[in-house]
Amino acid sequence: MGKLFAVIVILIAIGSAIPIVMHTWHQPVDISKDGHLIDEQLSDTMVEAGVSFLAAQFVLAFFVFRYADRKDPGKIKSFPGGAKVMVAAAVILVGTEVFALGIMGTRAWSGQYFTPPGQDALTIQSQAGQFAFYFRYPGPDGKLGPQHPDKIDEGAQNFFGLDPANDVDSRDDIVTAELGIPVDKEIRLLMHSKDVGHSFYVRELRVQQDYVPGLDLMVHFTAKTPGRYEIVCTQLCGLGHYNMKAYLNVMSQSDFDAWLKQKASEQ
Amino acid sequence: MHDMSSASATQHHAPPQGFIRKHVFSLDHKVIGLQYYGLALVAVFIGMFLSWLMRIHLVWPNSPIPGLHLLSKVGAPNDIMTPEYYLSLLTMHGTLMVFFVLTNAPFAAFGNYFLPIQIGAEDMAFPRFNMMSFWTTFLAFVVLIAAFFIPDGPPISGWTAYAPLSAVGGDAGPGMAYGQTLWGISIAIFCIASLLGALNFIATTLDLRAKGMSLMRMPICTWAWFITSCIALLAFAVLLPACILLCLDRVAGTSFFIPSGLVISDHLQPHSGGSTLLWQHMFWFFGHPEVYIAILPAAGIVSHILVNSLRRPLLSHRVVIGCMMAIGFLSYIVWGHHMFLSGMNPFSAIAFSFPTLVITIPATILTLIWLGSIYGSRLRITSASLFALGFISMFVSGGVSGFFLAQPSIDIYLHATYFVVGHFHLVMGVAAIFGIFAGTYFWFPKMTGHMMNETLGKLHFWGTFIGAYCIFMPFHYLGLVGNVRRYAAFTDDYLVPLIPLHKFITFAALTTGAFQLIFLANLIYSRFKGPKAPVNPWECTSLEWTIPSPPPWNNFGDVHPVVYHDPYQYGIEGSTGDYVMQTSPEKIVTEHDEK
């Protein structure tokens, strides 16, 4: 039965690796300026993890095949070098691997979180609430008016709780249900939660960030390819969580200008 | 060690009289161990049943599941599950499995039964606390299950109960009024039980060891239970106040986890000044060590069984124990890796990422020691050893995906996807459950006095081993595509093409579940009809195999066992064959004891 175990383990190990090697299921095409850093790190890690996985399963299978239920059990032998070899191998091989991954892996992270967006980045505010995203553009004055939670009224379409009667900055703000952005332009996305925790996830942008109630955050990104992409919520937010989504619409600069103008006229 | 210290004085109690004292409110650690096991068994079958319902709903969202309305009229009108009821089941599945199965079975059940015997004690240090631990856990279970029977049903916030969703009350959705409060109370009670249990384990290990039972002569599983109790003592001590604060936010109008200005269900919430991150910090400060509370006892049990099946000592049991301690220590400084995208200071992501990656080193040493010990051994294949070998395979498979999630950069893409679900199910769920299965096949003869059926046991192994891979490997592929977890249905254009793969997983889950019924049948049948178990069927060296199966109420009769060797004396010429019992006074020419 040890031999059967060995064969099954080998089959499972190879079977598990085939879809990875064949890229049967893979990330969608990256449309962002910096997403390739994440993809590269992911494939480097896949190679290291894959080799470790296959090596461990093969060794397990081989040893069980060789030493299980021996007819003539013979003398007990110890692995040459014993535990010292194991400790040294783990510390040196895995230690190096871990160190390399740890250092290399900070590149994409620092690009997003330690590097502020450029001066000419386009500022857009996004707000997540059960179970929709809304977006707010500052308008010609370049300023977003303050929010008043007590003024939030979904029925009157005041999703952000704006008070244009008293706040000058709010008067030209443009509110949309779709995140329209110009291609090749850096976006500085301010993130505000109206109620509970949500998350902003666009797979093609390789961007994911939680909306934290009481803590306004920011992400920045640049999209390179025009098109429509799903924005989905990835933080469990209640009964409609599975259906909470919006669209990211990446347009040429002229299309974006026309789109924003049209949205402004609808306010 | 053999003196009548205060702790050893309290462990003496008279033989139990009457049914209630013997089987219900028993002070006997063995009965309490079996009670924990029974509770875990009930919880695991409920949890598995819930996962079946979820898997069926995910791939056939509009097809009725006959009889589902009996579970909840509101949650399943016309037998079709609502999205919120899916989340209720998800919450209950996670909570039952993590607390009442993965904490109870490998740690509380087997630990209670075998830790005192393996160190040569008559009982736990505090038998009354021990009884209280179990019945408090049982109360926690009843309170949690009660959520199924209240009008608005169980909570929908997942087993992580993130605030403010979990903290604001009924405005947050169905199940969030009374269901979430019951959840908070249940987990708080569970924490008290676990703290009592952990204290008892630590006191017992340190104070009640038999003559000659030095710390280094304790079996590896005893070590694992000891280290785990130290982890549990700190972890549950943080979750307990977290749950109390959560309940206060819910019922007493405090704002520990709720900031100002939240508008939920059109109501401006009357709270201000709280922090949602505070809940996450407190929860994960418990939550990450909890992973090791589940996996370390399983690793200990597997090591114990491997040594016995290989008929040789591990390459080094000291290194194994050291690695377990290192993992236990590191488990306290990595909780932030669950929160890379939660809005912490981004520098802290780097600080949490490195120790997380470093955990790979002791985990790899453990694996290499297990693998290297198989080399040149005389491996005996039994149901128990198959599950132990299966554990190694699962531990590796679930472990390597940790490489990805430990890196904040990659977590940006993989966070909250099925990749995470695949990772923790393999390493924490399946691997720990393999440890429980191995322990069950191994110790069942001792616990009941009957042997289990080996043919059914092996059939159960093959079904579970292949089945678990068929369920959880594809989860990683789904995660790579970006399939978000905790969705009640896949309505996104993007996710629809993945439904065939989800169907495959559902079929695999139902089939693997069916194999668990073989286990249940074997368990019940063997309990009553299994052949009589000898004292030491596996030719094992540790103390539990020197006493009758099942052991008498005071374990060793009136004899105080004396220990002469460590429990790894296999593969040598002994008077009884290729091994020497820990209690055998015979001199061993080539003792394997590490210098």
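The rules we used
- Residues numbered from 1 in each chain as written.
- Chains lettered and ligands numbered in written order.
- Predicted model: local features only at pLDDT ≥ 70, side-chain atom pairs only at ≥ 80, totals over all residues.
- Heavy atoms only, no water.
- Axes fitted to C-alpha atoms, helices over the stretch in contact; angles between N-to-C directions.
- Helix = DSSP H or I, 4+ residues; strand = E, 2+ residues; numbered from the N terminus.
- Parallel < 35°, antiparallel > 145°, perpendicular 65-115°, else oblique.
- Left-handed = near helix turned anticlockwise from the far one by under 90°.
- Contact = heavy atoms within 4.5 Å.
- Nonpolar A, V, L, I, M, F, W, Y, C, P; charged D, E, K, R; others polar.
- 1 Å grid on protein atoms, 1.4 Å probe; cavity = no way out; pocket = protein on both sides within 12 Å on 5 of 7 lines; lining within 4 Å.
- Points joined across faces, edges and corners; volume = space filled by probe spheres on them.
- Domains from an automatic or database assignment.
- Buried area = accessible area lost by both parts, 1.4 Å probe.
- Salt bridge = Lys/Arg side-chain N within 4 Å of Asp/Glu carboxyl O.
- Phe/Tyr/Trp six-rings, centres within 6.5 Å; stacked < 30°, edge-to-face > 60°.
- Buried < 20%, exposed > 50% of the residue type's maximum accessible area, 1.4 Å probe, protein only.
- Lys NZ or Arg CZ within 6 Å of the ring centre and 35° of its normal.
- Core = buried A, V, L, I, M, F, W, Y, C linked by side-chain atoms within 4.5 Å.

Visitor: In this structure, what is going on with the packing of helix α10 (residues 317-330) of chain B against helix α11 (residues 346-374) of chain B? I would like to understand it.
Guide: Relative placement of two packed helices is described by the angle separating their axes and the distance separating the axes. All names here are of chain B. Remark: α10 packs on α11, axes separated minimally by 9 Å, with the N-to-C direction vectors making an angle of 160 degrees. It follows that α10 is roughly antiparallel to α11 by the angle criterion. Two packed elements cross with a definite hand, and for α10 against α11 that hand is left-handed. Facing Val319, Val320, Cys323, Ala326, Ile327 and Leu330 of α10, the residues of α11 in contact are Pro355, Val358, Ile359, Pro362, Ala363, Ile365, Leu366 and Ile369. Partitioning the contact of α10 with α11 into residue classes produces 14 nonpolar, no polar and no charged.

Visitor: Please explain the layout of surface pockets as it appears in this structure.
Guide: To locate leftover empty space, one rolls a probe as large as a water molecule over the atoms. Residues and elements named next belong to chain B. Considered as a void within the structure, the second largest pocket measures approximately 860 Å³ in volume. Together, 29 residues line the second largest pocket, and Val31, Leu34, Gln35, Met447 and Arg527 are the ones closest to its centre. Of all the secondary structure elements, the ones that give two or more residues to the lining of the second largest pocket are α2 (18-24), α3 (29-59), α6 (127-146), α15 (418-448) and α17 (499-529). It is α3 that contributes the most residues to the lining of the second largest pocket, nine residues altogether.

Visitor: Sorry, what's going on with the domain arrangement of chain A here?
Guide: One widely used convention gives an interface's size as the accessible area the parts lose upon coming together. Residues and elements named next belong to chain A. According to the domain assignment, chain A contains domain 1 (2-70 + 79-113) and domain 2 (122-265). The C-alpha centroid of domain 2 is placed 39 Å from the C-alpha centroid of domain 1. Domain 1 puts 13 residues into the contact, and the matching count from domain 2 is 15 residues. Between domain 1 and domain 2, a total of about 1200 Å² is buried, with carbon and sulfur atoms accounting for 51% of that surface. Three residues stand out in domain 1 for area buried against domain 2, namely Pro28, Ile31 and Gln112, and they jointly supply 51% of the buried area on that side. The residue Arg206 makes a salt bridge to Asp39 at a minimum N-O spacing of 2.7 Å.

Visitor: Would you mind going over the packing of aromatic side chains with me for this structure?
Guide: To describe a pair of aromatic rings, one takes the distance between the centres and the angle between the planes. Here the structure, examined in full by the defined rule, presents 73 aromatic pairs over all chains. Taking the centre distance of 5.4 Å and the plane angle of 45 degrees together, the rings of B:Phe110 and B:Trp443 count as tilted. Of this pair, B:Phe110 sits in helix α5 (residues 83-118) while B:Trp443 sits in helix α15, placing them 333 residues apart in sequence. Here the two residues B:Phe110 and B:Trp443 agree in accessibility, since each one is buried. With a centroid separation of 5.1 Å and 75 degrees between ring planes, the pair formed by B:Phe387 and B:Phe434 is classed as edge-to-face. Remark: B:Phe434 occurs in helix α15 and B:Phe387 occurs in helix α12 (residues 383-400); sequence separation between them is 47 residues. One exposure class covers both B:Phe387 and B:Phe434, and it is buried. Among the aromatic residues, ring-to-ring pairing joins B:Phe99, B:Phe100, B:Phe141, B:Trp159, B:Phe190, B:Phe236, B:Phe257, B:Trp279, B:Phe283, B:Trp284 and B:Phe286 into one connected group. One residue, A:Arg228, lies across the ring of A:Tyr247, its end atom 4.4 Å from the ring centre. Just above the ring of B:Phe528 sits the side chain of B:Arg527; from NZ or CZ to the centre is 5.1 Å.

Visitor: Help me out: how do you make sense of the nonpolar core in this one?
Guide: Side chains of a nonpolar character, in soluble globular proteins, are inclined to be buried together. A:Leu179 and B:Phe391 are the most contacted members of the largest nonpolar core, which totals 297 residues. Among the elements that make up this core, the one with the highest residue count is α5(B) (22 residues). Here this core gathers at least three residues from each of two domains, domain 1 (2-70 + 79-113) and domain 2 (122-265) of chain A. Beyond its immediate stretch of four places on either side in the chain, B:Phe391 contacts B:Ile295, B:Ala298, B:Ala299, B:Val302, B:Trp370, B:Ala431, B:Phe434 and B:Gly435.

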